Amino acid sequence: MRRTAVVALGCFGAGLLIIWLFGRYGLSTAAVDRAAVHDWLSGEDLYPGRVGTVLTPPAAILFTPAAFLPLPTVGWLLAAAGVSALALALIALVGPVARRYGKPRGPAVAVAVTLALAAEPVRATLGLGCLDLLMFGLITADVVALRRAAWASRRAAWWPGPPASQSPQGGPKLRRFWATGAWAGVGVGLATALTISPVLFIGYLVVSRQRRAALTAVATTTTLLTGAFLLAPGPTRTWFGSVLPRLDRGGPLDEITNQSLAGVLARLYDSATTPALIWLSFSVLLVAVGMIRARSAHADGDEIAAFTLVGLTSAAVGPVSRIHELVWVLPAVLILVDAAARRRITVRRFRPGRFPGARYASAAVLVYLLLVLDPRWTAGWDAYAIVVIVLLNTLPWRPGVAPAGPARRPPQPVARRAPAIPGPRGS
């Protein structure tokens, strides 16, 4: 009874928050996308000019039912889907952390969802009517799949032979497909086809030698784009020919809400465009740092930190990264909190005047406070962009949090053989 009351109270509070966000942000992104799709269905061009929707062709096709619904209804549907994706993602991210410290998963996830709803990337996503929380959920699903695949490979290495529930004769194929994480890469592929920006995750899967997941992601993206071309060849050609190559397709580069490296440089040089050579040089450097650190986190068994580093890299180097696209700062805060707790438990002896893990805990609090503050007080100082770049270079990972990569077989006993009698040299 108490749990039902808490859930009901939480849903009521989330509903009030969403109503307030609709009034503050006005569902402006959803309104533009809905109008563009409606005009397209009426016979006009989906991408008529410089200002318009930035939906990819697959996303525009999936968005077609919204053209026949009132804008508030579209906003509520997007908000419900976004909050659900956020809750499921946090169950996958926060649940193992709570279980590791012997805490109940339900209250921990509830607190995490509440804190996440107060963060500006989530508020802006819900208020504008964007798809970023859905993309976050899809990519996090691949974290779960890779975790299951790694566990299955380790089990097969240490206990050869599948159990009855996973044998070809025992258990449904769908259960085996889910239990072994064979669907890893589908989430990244879907997110890439719908928003393009997660393409860097495919590069990470290649760099970390998770070839099956990388091939699955590429195949999923290619399938959706091919299907979009068959259903809407004109808009697809326009998207690849004129919309995708534009750096400012997501908005003006020098706009204050653009918290990417390109936006910082454009405002620094007081220009509507970014200095291309400087931006490309630093972007290549950030991509290299992000990929190297993500691969190291994967090798040490922290797939969550690896994906978080890739998400931060994508936000930093993208030409336009608005505040609602910085959702990967949320798992970064979780990693900092977990790192502080691990440090606190690991260090048994306290040094005089020092608290183990205080650095990570302080960083987590400062970053979260920045996410909660009104962006009018922080975005003007490029605070979000600076935090993303700093986290990209300094975010810790937690060795052994989750298995990563195939496991080695346990050492097998070697039968002793009689020592060979050396023969004459040259024989």
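Caption draft 1: Geometry of helix α5 (residues 105–117). Taking 1.5 Å of rise per residue, the 13 residues of α5 would be expected to cover 18 Å, and the 18 Å separating its terminal C-alpha atoms lies within 8% of that figure. Among all positions in α5, only Val109, Ala112, Val113, Ala116 and Leu117 are buried. Summarising the axial view, the buried residues of α5 lie within an arc of 130°, below the 170-degree limit, and thus occupy one face.

Caption draft 2: Molecular detail of the pattern of salt bridges. Under the defined criterion, the tally for this structure stands at 8 salt bridges. Put simply, arginine 267 and aspartate 382 hold a salt bridge, and the shortest N to O gap is 2.6 Å. Here arginine 267, found in helix α13 (residues 261–268), pairs with aspartate 382, found in the loop between α18 (375–378) and α19 (383–394); they are 115 residues apart in sequence, far enough to count as distant. Judged by its relative accessible area of 14%, aspartate 382 is buried. Where aspartate 338 meets arginine 398, a salt bridge forms, and the shortest distance between an N and an O atom there is 2.6 Å. Of the two residues, aspartate 338 sits in helix α16 (residues 329–346) while arginine 398 sits in the segment after α19, which places them 60 residues apart along the sequence. A cluster of three or more residues bridged by salt bridges with shared partners is formed by Arg100, Asp302, Asp338 and Arg398.

Caption draft 3: Here's a closer look at the packing of aromatic side chains. Inspection of every chain in the model, using the stated rule, returns 5 aromatic pairs. Measuring from centroid to centroid gives 5.9 Å for tyrosine 47 and tryptophan 239, while their planes differ by 40°, and the two rings are tilted. In this pair, tyrosine 47 is assigned in the loop between α2 (28–41) and α3 (57–62) and tryptophan 239 in helix α12 (residues 233–243), connecting sequence segments 192 residues apart. Assessed through its relative accessible area of 10%, tyrosine 47 is described here as buried. Judged by its relative accessible area of 2%, tryptophan 239 is buried.

Caption draft 4: How the structure looks around the side chain of arginine 293. Residue position: arginine 293 is located in helix α14 (residues 276–299). Among buried Asp, Glu, Lys and Arg side chains, arginine 293 stands out as unpaired, with aspartate 300 the closest opposite charge at 9.6 Å. With sequence-adjacent residues up to four places away left out, arginine 293 is seen in contact with Leu309, Leu391, Leu392, Asn393, Thr394, Leu395 and Trp397.

Caption draft 5: Expanded view of α14. Helix length check: α14, at 24 residues, gives a terminal C-alpha distance of 34 Å against a target of 34 Å (1.5 Å per residue), a fit within 8%. Every buried residue of α14 is listed here: Trp279, Ser283, Leu286, Gly290, Met291, Arg293, Ala294, Ala297 and His298. Those residues of α14 that are buried lie in contact with α10 (199–207), α13, α15 (303–317) and α19. Where α14 ends, the next residue or the one after it, glycine 301, has phi of about 95°, a positive value.

Caption draft 6: Highlighting unusual backbone geometry. Here leucine 27, not a glycine, exhibits a phi torsion of approximately 50°, which is positive. As for its position among the elements, leucine 27 is in the loop between α1 (2–25) and α2.

Caption draft 7: Spatial organisation of the packing of α2 against helix α4 (residues 71–100). Their axes nearest at 10 Å, the elements α2 and α4 cross at an angle of 115°. Read as a crossing pair, α2 and α4 show a hand that is right-handed. For the pair formed by α2 and α4, the contact residues are Ala30, Ala31 and Arg34 on the first element and Leu71, Val74 and Leu78 on the second. Residue composition of the contact of α2 with α4, grouped by class: 5 nonpolar, no polar and 1 charged.

Caption draft 8: Main features of the nonpolar core. Of all hydrophobic cores here, the largest spans 106 residues; its most connected members are Leu126, Phe307 and Leu391. Sequence-distant contacts of leucine 126, defined by excluding residues within four places in its chain, comprise Ile18, Leu21, Phe22, Leu27, Ala79, Val83, Leu117 and Leu133.

Caption draft 9: Quick look at the confidence of the model for the chain. This prediction gives the chain a mean pLDDT of 84; 81% of its residues lie at or above 70. A low-confidence stretch, residues 163–170 (pLDDT under 50), is modelled with 13 contacts involving residues beyond four sequence positions or located in other chains.

Caption draft 10: Local environment of the side chain of threonine 56. Among the structural elements, threonine 56 can be located in the loop between α2 and α3. Within the structure, threonine 56 has its side chain in polar contact with the backbone oxygen of alanine 193 (distance 2.8 Å). Dropping the residues within four chain positions of it, threonine 56 is found in contact with Tyr47, Ala193, Leu194, Thr195, Ile196 and Trp239.

Caption draft 11: Representation of the packing of α15 against α19 in the model. At a minimum axis distance of 9 Å, the contact between α15 and α19 shows a crossing angle of 140°. By the angle between their directions, the pair α15 and α19 is classed as oblique. Regarding α15 and α19, the two cross each other, and that crossing is left-handed. Contact with α15, carried on its side by Leu309, Leu312, Thr313, Ala315 and Ala316, involves Val388, Ile389, Leu391 and Leu392 of α19 and no other residues of that element. Classifying every residue of the contact of α15 with α19 gives 8 nonpolar, 1 polar and no charged.

Caption draft 12: Main features of the environment of alanine 124. Within the secondary structure, alanine 124 sits in helix α6 (residues 120–128). Overall, alanine 124 belongs to the buried group, its relative accessible area being 4%. It is 9.4 Å that separates the C-alpha atoms of alanine 124 and leucine 27, two residues lying 97 residues apart in sequence. Residues within four places of alanine 124 in sequence aside, it is in contact with Tyr25, Gly129 and His324.

The rules behind these values
Residues numbered from 1 in each chain as written. Predicted model: local features only at pLDDT ≥ 70, side-chain atom pairs only at ≥ 80, totals over all residues. Heavy atoms only, no water. Helix = DSSP H or I, 4+ residues; strand = E, 2+ residues; numbered from the N terminus. Expected span 1.5 Å × (residues − 1). Buried < 20%, exposed > 50% of the residue type's maximum accessible area, 1.4 Å probe, protein only. Arc of directions from axis to C-beta. Salt bridge = Lys/Arg side-chain N within 4 Å of Asp/Glu carboxyl O. Phe/Tyr/Trp six-rings, centres within 6.5 Å; stacked < 30°, edge-to-face > 60°. Lys, Arg positive; Asp, Glu negative; His and termini not counted. Contact = heavy atoms within 4.5 Å. Axes fitted to C-alpha atoms, helices over the stretch in contact; angles between N-to-C directions. Left-handed = near helix turned anticlockwise from the far one by under 90°. Nonpolar A, V, L, I, M, F, W, Y, C, P; charged D, E, K, R; others polar. Core = buried A, V, L, I, M, F, W, Y, C linked by side-chain atoms within 4.5 Å. pLDDT = per-residue confidence, 0-100. Polar contact = N/O pair within 3.5 Å; in protein donor to acceptor, adjacent residues only side chain to side chain. Parallel < 35°, antiparallel > 145°, perpendicular 65-115°, else oblique.

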